[in-house]
Amino acid sequence: MTDDQRLIAGLQPVREAIRVHGRRLSRVVVDGRSLPRLDALERFARDQQVPVVERRPKAELDRIAGGTMHQGVLAWGPPLGLTAPESLLDDPTLAAIALDGIQDPQNFGAVIRSAVGVASAAVVFGEHSAAPLTPATFRASAGAVEHARLCRPRSLSGFLRDAAAHGVTVVGLDAQATVSLSDVDLSGPTVVVVGNEHSGIGRGVRRACTVLARLIETERIDSLNASVAAAIALYELKKQRVKSAS
């Protein structure tokens, strides 16, 4: 295996990686215990012509996974492709969710899953303002990362300023905003910005937004989990676009 190969852990993430990449995966390792779900995964990998498929003791998988829950399956695959910021900004139908300060890989992976599953939206995250792309992130996405359009600009606020200059609506989610997200026109090129649940979006990112909007009125809590907020926002974006197209 080469150094640039990506470790993937967990039944659904590995199954989806096999489905998408097939023989481009270099190796699949399955827990040596004979369990129906593991046996089925091994057959699937062999059917898709993964070059190396082998059974190993669970302790060996534990060591390789380094604490990431693997459910008895690991795979090594090609690096994730990243979309250039310029390519996103040239898309007249752009739908994207931008993450500012989301350091939890579980939240990051859950946002990727919603972006792909709800609105086929790109996911934008700065080099130093989001969780890294790790096996824990891939597992939390439940395999959706294999289909995701990911963009990692050097500066998130710089990307958002460029987006606004291209006529993109840049919506920062803010629980204290006076405007509701449902009242913002999301039918054109749009980037929705989600901050972490503790401090929200940063000052520079906030200044780059063209509008601040709240998701819903919350009577008992100040903010929602970041991945939940992203899913709600993506649903609103998708709903508006379906209505606009009908």
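Definitions and cut-offs
Residues numbered from 1 in each chain as written. Predicted model: local features only at pLDDT ≥ 70, side-chain atom pairs only at ≥ 80, totals over all residues. Heavy atoms only, no water. Disulfide = S-S within 2.5 Å. Buried < 20%, exposed > 50% of the residue type's maximum accessible area, 1.4 Å probe, protein only. Pairing = 2+ DSSP bridges. Helix = DSSP H or I, 4+ residues; strand = E, 2+ residues; numbered from the N terminus. Contact = heavy atoms within 4.5 Å. Axes fitted to C-alpha atoms, helices over the stretch in contact; angles between N-to-C directions.

Undergrad: Where do I start with the state of the cysteines in this structure?
TA: Disulfide: a covalent bond formed between the sulfur atoms of two cysteine residues. Applying the stated criterion to the full structure yields zero disulfides. Looking at Cys151, it has no disulfide partner, and the nearest cysteine sulfur is the one in Cys209, 16 Å off. In this structure Cys151 comes out as buried when scored by relative accessible area, which is 0%.

Undergrad: Any chance you could explain the sheet that holds strand 9 (residues 190–195) here in plain terms?
TA: The strands making up a sheet associate through hydrogen bonds between their backbones, and the pairing can be parallel or antiparallel. Spatially, the six strands line up as an open sheet ordered 7-6-5-9-8-10, and their pairing is parallel. Looking at the sheet topology across the chains shown, the edges are occupied by strand 7 (150–151) and strand 10 (211–213). For strand 6 (residues 122–125) and strand 7, the ladder comprises two bridges, and the chain directions are parallel. Across the sheet, the residue bridging to Val123 is Leu150, located in strand 7. Along the sheet face, helix 7 (residues 156–165) touches strand 5 (95–100), strand 6, strand 8 (169–173) and strand 9 and points at about 150 degrees away from the line of strand 5. Along the sheet face, helix 9 (residues 226–245) touches strand 5, strand 8 and strand 9 and points at about 165 degrees away from the line of strand 9.

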